[in-house]
Amino acid sequence: MTAQHHRLLFICTGNICRSPIAEVIAIRRGEEIGVPIDARSAGTLGIENAPADPQMVAVASELGLDLSKHQSQEITDDLIAWADYVLCMEMAHVSHVREFYQDAGENTLLLGNFGGTMDIRDPHGSWFRVTYRKSRDEIARCVHRFVDGVAGASRSTHLKSR
């Protein structure tokens, strides 16, 4: 039995804090539960080749996640076309994607909805590492629920097709 492969694109503003950590968390969660996840991230601001925020790199490393090689990128039509799901950190990102990338369609979702919240606040610029940890943990909770949900749906679909 081969599990269905899922391609997830995470979107935030600068692609230096929230979406990069969501990307690595999703890949790890897929490994943990045996579901192939290919994840990427991008930003609405158009920042190219910037490293991840040092504070987010630090709090990611606390969980054994490596953001040291991350390079920011802008959303592109190719990334939107590649993704099965586009998961945004804020409603403003959902609006941006739907306005400028018509192919995004109904699979453009607000990630916070999977963790009982709406927007996932941007910790960038905070002096306090605790703010970054809170954001990391909120993103992890939402990503885990989303990945677990698509994994369950994949297994259900596979069992029905047998």
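Structure's up top.
Residues numbered from 1 in each chain as written. Predicted model: local features only at pLDDT ≥ 70, side-chain atom pairs only at ≥ 80, totals over all residues. Heavy atoms only, no water.

Trainee: Sorry, what's going on with the overall build of the protein here?
Mentor: Per the secondary structure count, the protein includes 5 helices and 4 strands. Along the protein, helices and strands appear, N-terminal first, in the series β-α-β-α-α-β-α-β-α. A compact globule built from 162 residues should have a C-alpha radius of gyration of about 15 Å, and the protein, at 15 Å, falls within 12% of that. Along the first, second and third principal axes, the C-alpha atoms of the protein reach 55 × 35 × 30 Å. For the protein, buried positions account for 46% of its 162 residues. Within the protein, contacts between residues separated by at least 24 positions form 72% of all contacts whose residues are at least 6 apart in sequence. For the protein, the accessible area works out to roughly 8300 Å², and carbon and sulfur atoms hold 51% of it. (Helix = DSSP H or I, 4+ residues; strand = E, 2+ residues; numbered from the N terminus. Rg over C-alpha atoms; globule rule 2.2 N^0.38 Å. Buried < 20%, exposed > 50% of the residue type's maximum accessible area, 1.4 Å probe, protein only. Contact = heavy atoms within 4.5 Å. Areas by Shrake-Rupley, 256 points an atom, 1.4 Å probe, with all protein chains shown as cover.)

Trainee: Would you mind showing me how to read helix α1 (residues 18–33) here?
Mentor: It helps to recall that an α-helix has 3.6 residues per turn; residues three or four apart then point in one direction. Here α1 is 16 residues long and its end C-alpha atoms lie 22 Å apart, about the 22 Å a rise of 1.5 Å per residue gives. Among the residues making up α1, those that are buried are Arg18, Ser19, Pro20, Ile21, Ala22, Glu23, Val24, Ile25, Ala26, Arg29 and Gly30. (Expected span 1.5 Å × (residues − 1).)

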